Amino acid sequence: MDLELIRMKDVMMQYKNGVTAIYNLNLKIKKGDFVFIIGGTGSGKSTLIKMLYREERPTKGEIIVGGLNVARLRNSKVYKLRRKLGIVFQDYRLLPKSTVYENVAFALEVIGTKRDEINKKVLKALELVGLKGKIRNYPDQLSGGEQQRVAIARAIVNQPKLLLCDEPTGNLDPEKSMEIMKVLEDINNTLGTTIVMATHDKDIVNKMKKRVVTLKEGRLVSDEEKGKYKNEAI
Amino acid sequence: MKPFRMFGRSIRDAFRSVFRNFSLSLASISCITITLIIVAIALLASLNVDNFAKVIKEDVTIVVFVDRDVDDDGIKKIEANLKRIENISTIDYKSKAELRKEMQASSSILDATMKDWSEEENPLKATFQVKVKEIEQIEDTATTIEKMDGVDSVNYGKTMVNRFLSAFKVIEKGTIIAVILLVLVTVFLIVNTIKLTIFSRKREISIMRLVGAGNFSIKMPFVVEGMILGIIGSIIPILIVIYGYYAFYQHFDGQIYSPLIRLIVPEPFIYWISLTVLAIGIVVGMLGSYQAVRKYLKI
């Protein structure tokens, strides 16, 4: 049985303006892992996440996510990958004119799930993030932390194998950030979802004691199990 | 099952977003309404002008004068020969006596001069009044008839017919070009308005892509929404067509200045125009949305 969920081999990514964001990256992530991608501004951590959900295509190399060759995926087939993973952003990206329930249900509706199944899954996901009481609210009636939890519910409602997080706590204060991290850890433990999270929040990385992949100027500089945030590496 | 379910959702989402983005929808709807009113008026005008031309064309008659010495058998022969000509639609025979009666009935002065004529003295010639199918070929038909045995001469107002013919050609071409241009301008205006309104929903589209919606299921609600905008936008133009044209028709009593310039009878004409306006509204709304979304799908 193949336990690898993500495999990146000799990946290089150069933007059209000539800036190289990633040099020769080799990375393997197992099923059920919780991995932090850390690094300063311009280290390439966001680019790495973007390549995993095929927002960007690598210039060279191979990226396999859950058996799909992401580097070669055509635009019109991107949805196949997106249905296998959930994505959470710093700015939540919720539909402002839809309620909490509708925002989460949206992810299932666009793939044609049955109504009663949607209802069940949405309530379950919202319960998991602790927002079952606010399903009729609109995003602007919620705090930042709550909005991020809605985004997480939307990302996991389809029970994906992989959850990608790009600075999910970037807009939140330390207390709310830890709440989010608890929700993520809970998802990792109870659902077995693989989580890859890009962050530059030192406290979070140090408290969570998970695998830490450090990037510096587009190069992988360290990869440690139960790692700490290394200032000298950045 | 699944495609139907998704189609149903598209319709629901489309209605929802028409109302949730009401101010933007209103912009598109009013744009569609205004341009469709102009298109509807152009359609009404051009079809009526076409109709004038048709009525006048139908009224053009070739009068065939028969030689005075042709007997009844000769008349029948001429009639049979006329029937053989492809381009002739109706043939109406009038004998000398009938013509004389008609002329006497039409004016008292003619009556005074003609009433003393005996049957032999009658100087009139028996005639066939012939109507043609294709007015463009009227000259050929007239010469063919003129060459027939027993035919004295033909008359169809050659110069006037030719003048009408060239005028109609210009009018027909002009109205067709005007309507096509107007429809194109409408499409252009509506596509741009919808593009502007969809621009503000770029984020929504990117989120749809993010959660794994296929291109088709992203486009669908927008296309349905365009359809709804088209339908709503064509309500006022249709009302204007139905009530406006009725009022117009009644005001002019069905004709402008002379019975030759006859307006098209409102029913069922206005319903056809309404359907056309609705169809243009729907197609243009869908097309506009489709074009506008496509831009954000990186295809």
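Note that the structure is predicted; figures quoted are calculated from it, not measured.

Cut-off values and rules
- Residues numbered from 1 in each chain as written.
- Chains lettered and ligands numbered in written order.
- Predicted model: local features only at pLDDT ≥ 70, side-chain atom pairs only at ≥ 80, totals over all residues.
- Heavy atoms only, no water.
- Helix = DSSP H or I, 4+ residues; strand = E, 2+ residues; numbered from the N terminus.
- Buried < 20%, exposed > 50% of the residue type's maximum accessible area, 1.4 Å probe, protein only.
- Contact = heavy atoms within 4.5 Å.
- Areas by Shrake-Rupley, 256 points an atom, 1.4 Å probe, with all protein chains shown as cover.
- Pairing = 2+ DSSP bridges.
- Axes fitted to C-alpha atoms, helices over the stretch in contact; angles between N-to-C directions.
- Phe/Tyr/Trp six-rings, centres within 6.5 Å; stacked < 30°, edge-to-face > 60°.
- Lys NZ or Arg CZ within 6 Å of the ring centre and 35° of its normal.
- Salt bridge = Lys/Arg side-chain N within 4 Å of Asp/Glu carboxyl O.
- Polar contact = N/O pair within 3.5 Å; in protein donor to acceptor, adjacent residues only side chain to side chain.
- Nonpolar A, V, L, I, M, F, W, Y, C, P; charged D, E, K, R; others polar.
- Core = buried A, V, L, I, M, F, W, Y, C linked by side-chain atoms within 4.5 Å.

Chemist: Please clarify how the overall build of chain A should be interpreted in this entry.
Modeler: A count of helices and strands for chain A gives 7 helices and 10 strands. Counting every position in chain A, which comprises 234 residues, the buried fraction comes to 53%. In chain A, the share of contacts with a sequence separation of at least 24, taken over all contacts with a separation of at least 6, comes to 67%. Accessible surface for chain A amounts to roughly 10900 Å². Of this, 45% is attributable to carbon and sulfur atoms.

Chemist: Explain the environment of Ile38 of chain B to me, please; I cannot follow it from the model alone.
Modeler: Residue and element names in this part refer to chain B. One can find Ile38 in helix α2 (residues 22-59). For Ile38, a relative accessible area of 42% translates into the label partly exposed. Spatially, the C-alpha atoms of Ile38 and Leu182 are 7.8 Å apart, while their sequence positions differ by 144 residues.

Chemist: Looking at this model, I keep getting lost on the sheet that holds strand β5 (residues 68-69) of chain A. Mind explaining?
Modeler: In any sheet, the strands associate via hydrogen bonds between backbone groups, in a parallel or an antiparallel arrangement. Residues and elements named next belong to chain A. An order of β2-β1-β4-β5 is seen for the 4 strands of this open sheet, with the pairing classed as antiparallel. Strands with a single pairing partner mark the edges of an open sheet, and in this sheet they are β2 (20-30) and β5. As judged from the 7 bridges shared by strand β1 (residues 4-14) and β2, these two strands associate in the antiparallel manner. Directly across from Val11, in β2, lies its bridge partner Leu25. Across the sheet, helix α1 (residues 45-52) is in contact with β1, β2 and β4 (60-65); its angle to β1 comes to roughly 120 degrees.

Chemist: Would you explain the packing of aromatic side chains in this entry?
Modeler: Describing an aromatic ring pair means giving the distance of the ring centres and the angle of the ring planes. Throughout the structure, instances matching the rule amount to 7 aromatic pairs over all chains. Where Phe34 of chain A meets Phe36 of chain A, the ring centres are 5.4 Å apart and the plane angle is 50 degrees; that geometry is what we call tilted. Across this residue pair, the class does not change: Phe34 of chain A and Phe36 of chain A are buried. Ring geometry for Tyr245 of chain B against Tyr249 of chain B: centres 6.4 Å apart, planes inclined by 40 degrees, an arrangement best described as tilted. Here the residue Tyr245 of chain B and the residue Tyr249 of chain B both occupy positions in helix α10 (residues 235-251), the gap between them amounting to 4 residues, near one helical turn. Ring pairing ties together the aromatic residues Tyr245, Tyr249 and Phe269 of chain B, which thus form one cluster. A cation over an aromatic ring shows up here: Arg93 of chain A above the ring of Phe89 of chain A, its NZ or CZ 3.8 Å from the ring centre. The ring of Tyr23 of chain A carries the charged tip of Arg219 of chain A above its face, separated from the ring centre by 4.0 Å.

Chemist: Help me understand the interface of chain A and chain B, please; the structure alone is not making it clear to me.
Modeler: A common way to express how large an interface is: the accessible area buried when the components associate. The interface of chain A with chain B comprises 29 residues on the first partner and 21 residues on the second. The tally of links between chain A and chain B comes to 2 salt bridges. Arg16 of chain B is the salt-bridge partner of Glu102 of chain A, the closest N and O atoms lying 3.6 Å from each other. Between chain A and chain B we count 3 residue pairs in polar contact (both at pLDDT 80 or more) in total. Elements with a contribution of two residues or more to the side of chain A that touches chain B: α2 (78-82), β6 (85-89), α3 (100-109) and α4 (115-128) of chain A. The biggest single contributor to the side of chain A that touches chain B is α3 of chain A, with 4 residues. Considering only residue class, the side of chain A that touches chain B consists of 13 nonpolar, 5 polar and 11 charged.

Chemist: Help me understand the side chain of Ser43 of chain A in this model?
Modeler: Residues and elements named next belong to chain A. Note that Ser43 resides in the loop between β3 (34-38) and α1. Within the structure, the side chain of Ser43 is placed 2.8 Å from the backbone oxygen of Gly40, a separation counted as a polar contact. Apart from residues no more than four positions distant in its own chain, Ser43 is found in contact with Ala21, Leu215, Lys216, Glu217 and Gly218.

Chemist: It is not clear to me how the nonpolar core should be interpreted in this structure. Could you clarify?
Modeler: Nonpolar side chains tend to gather and get buried jointly when the protein is soluble and globular. Residues and elements named next belong to chain A. Residues Phe36, Leu126 and Leu184 are the most contacted members of the largest nonpolar core, which totals 91 residues. Leu184 has contacts with Phe34, Ile152, Leu163, Cys165, Ile195 and Met197, leaving out every residue within four places of it along the chain. One finds Ile22, Leu48, Leu73 and Ala198 within the second-largest nonpolar core, a separate group that totals 33 residues.

Chemist: What exactly am I supposed to notice about the pattern of salt bridges here?
Modeler: A pair can form between side chains of opposite charge whenever their charged atoms are brought close. All names here are of chain A. As enumerated under the stated definition, the model contains 18 salt bridges over all chains in all. The salt bridge partner of Arg7 is Glu62, with a shortest N-O separation of 3.7 Å. Note that Arg7 is positioned in strand β1 and Glu62 in strand β4, a separation of 55 residues in sequence. When its relative accessible area of 32% is taken as the criterion, Arg7 is described as partly exposed. A single network of salt bridges, built from pairs that share partners, joins Glu4, Arg7, Lys28 and Glu62.

Chemist: Which parts of the structure should I look at to understand the environment of Val110 of chain A?
Modeler: Tracing the backbone shows Val110 of chain A in the loop between α3 and α4. Leaving out residues up to four positions away in the same chain, Val110 of chain A has contacts with Arg83 of chain A together with Met6, Val211, Gly212, Ala213 and Ser217 of chain B.

Chemist: Would you mind showing me how to read the sheet that holds strand β9 (residues 211-216) of chain A here?
Modeler: Residue and element names in this part refer to chain A. In space, the 6 strands of this open sheet follow the order β6-β7-β8-β3-β9-β10, with mixed pairing throughout. What marks the edges here is a single partner per strand, and that holds for β6 and β10 (219-224). The mean inter-strand angle of the sheet, taken between neighbouring strand axes irrespective of direction, is 15 degrees. The pairing of β3 with β9 spans 4 bridges and is parallel. Its bridge partner lying in β9, Val35 is registered against Arg211. On the sheet, helix α6 (residues 174-190) packs against β3, β7 (162-166) and β8 (194-199) and is oriented at approximately 135 degrees with respect to β3.

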